[in-house]
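Listed below are the residues making up each chain.
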Amino acid sequence: MSRIQATFATLKSQGKKALIPYITAGDPHPKHTVALMHALVQAGSDIIELGVPFSDPMADGPVIQCATERALAHKVGLINVLEMVREFRRVDDRTPVVLMGYANPIEAMGQAKFAERACAAGVDGVLTVDYPPEECQDFVQLLKSQQLDPIFLLSPTSDSSRVDMIVHQAAGFVYYVSLKGVTGSQNIDIAEVGTRVKAIRSRTDLPVGVGFGVRDAATAKAVAEIADAVVIGSRMIQEIENSSEDALLSNVAALTQSMRTAIDDAKT
Ligand SMILES: O=P(O)(O)OC[C@@H](O)[C@@H](O)c1c[nH]c2ccccc12
């Protein structure tokens, strides 16, 4: 059983939903990333989505674009991110880490080499925004051969045949993007998301996570009532951006705890 599967199985047996914070590796400075990951776990996160900085992050809104720029200013690339995961794993052998990123850095390293190195570093899942699921069967096989779960995005525009094609390749969980737009958007329509998540569930047994537009505790709670996992990105990044170095870990922990409490309050 993969770490991601084990995490969802444990949560299910406890009647709980997963909290998945997103942070960009190397933001605000590479020296903070591993400490931030541990702080996120201690404050109640179940899985960490770790962004690989890339110069052209086309699915990201301004908040995460700026985080990417801060990380790139410190020259953080894929190799450094894998090193951070390796360091995190020396202390935490339980919490799954999903790498979120774009195809280009993976292509530069080579898909096979990437899969090997990611597995060796202790990565659990890989979400690549711009590999179309129709065209990445080989990559999916490479990931699976290294016990890495391919995480795919489903969106409001995915029709049922596309959902079927994607869940067939996916492992660990699937990520439903709550709205048409970029990360950090607002105005998530909970009723609409609920309908879509139900439709996805009727086609797969994989857990369904929901992200894009979860910025406050009330929304996190509402999403936890309809999905298996709640992803929180831009709001986390804003907390990082607005914190002094001294308050960084405690502020991020406080935000995480408030989201954890809200998610545990959800009626499921
Ligand atoms: O920032 P938001 O609106 O909370 O959405 C989550 C998101 O940030 C995170 O999962 C993510 C960051 N970059 C992405 C690119 C594509 C899909 C997902 C992501």
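Just above, that's the structure.
Residues numbered from 1 in each chain as written. Predicted model: local features only at pLDDT ≥ 70, side-chain atom pairs only at ≥ 80, totals over all residues.

Enquirer: It is not clear to me how the site of the ligand should be interpreted in this structure. Could you clarify?
Expert: As a structural note, the neighbourhood of the ligand is formed by 21 residues, with Ala59, Thr183, Gly211, Gly233 and Ser234 the closest of them. Only β2 (48-51), β8 (229-232) and α11 (234-241) provide two or more residues apiece to the shell around the ligand. (Near = placed C-beta within 6 Å. Helix = DSSP H or I, 4+ residues; strand = E, 2+ residues; numbered from the N terminus.)

Enquirer: What exactly am I supposed to notice about the pairing of strand β5 (residues 149-154) here?
Expert: Along β5, five of the six residues are buried, which leaves the element largely enclosed by surrounding structure. Of the strand pairs in this sheet, strand β4 (residues 125-128) and β5 are connected by three bridges, and their pairing is parallel. Opposite Leu127, over in β5, you have Ile151 as the bridge partner. One crossover worth recording links β4 to the parallel β5 by way of helix α7 (residues 137-145), and it is right-handed. Relative to strand β6 (residues 174-177), β5 runs parallel, the two sharing three bridges. Its bridge partner being in β6, Phe152 is matched across the sheet by Val174. (Buried ≥ 20, exposed ≤ 12 C-beta atoms within 10 Å, placed from the backbone. Pairing = 2+ DSSP bridges. Right-handed = clockwise from strand over helix to strand, strands pointing away.)

Enquirer: When you look at the environment of Leu72 in this model, what are you seeing that I'm missing?
Expert: Among the secondary structure elements, Leu72 is positioned in helix α3 (residues 62-73). Using a count of 16 C-beta atoms within 10 Å as the deciding quantity, one classes Leu72 as partly exposed. For Leu72 and Ser55, which are 17 residues apart along the polypeptide, the C-alpha to C-alpha distance reads 7.6 Å. For Leu72, the contacting residues outside a window of four places in its chain are Pro53 and Ser55. (Contact = placed C-beta atoms within 7 Å.)

Enquirer: Even after reading the chapter, I still don't get the pairing of β8, so can you show me in this structure?
Expert: Put simply, side chains in a regular strand alternate between the two faces of the sheet. Of the two faces of β8, the one carrying Ala229 and Val231 and the one carrying Val230 and Ile232 are both buried. Summarising the sheet, strand β1 (residues 18-24) and β8 pair through four bridges and their orientation is parallel. Residue pairing across strands places Pro21 opposite Ile232, the latter belonging to β8. Inspection of the sheet shows strand β7 (residues 208-211) paired to β8 by two bridges, in the parallel sense. Bridging from a neighbouring strand, Val210 pairs with Val230 of β8. Taking the sense of rotation as the criterion, the β-α-β connection linking β7, helix α10 (residues 217-224) and β8 turns out right-handed.

Read these as geometric descriptors, not functional statements.
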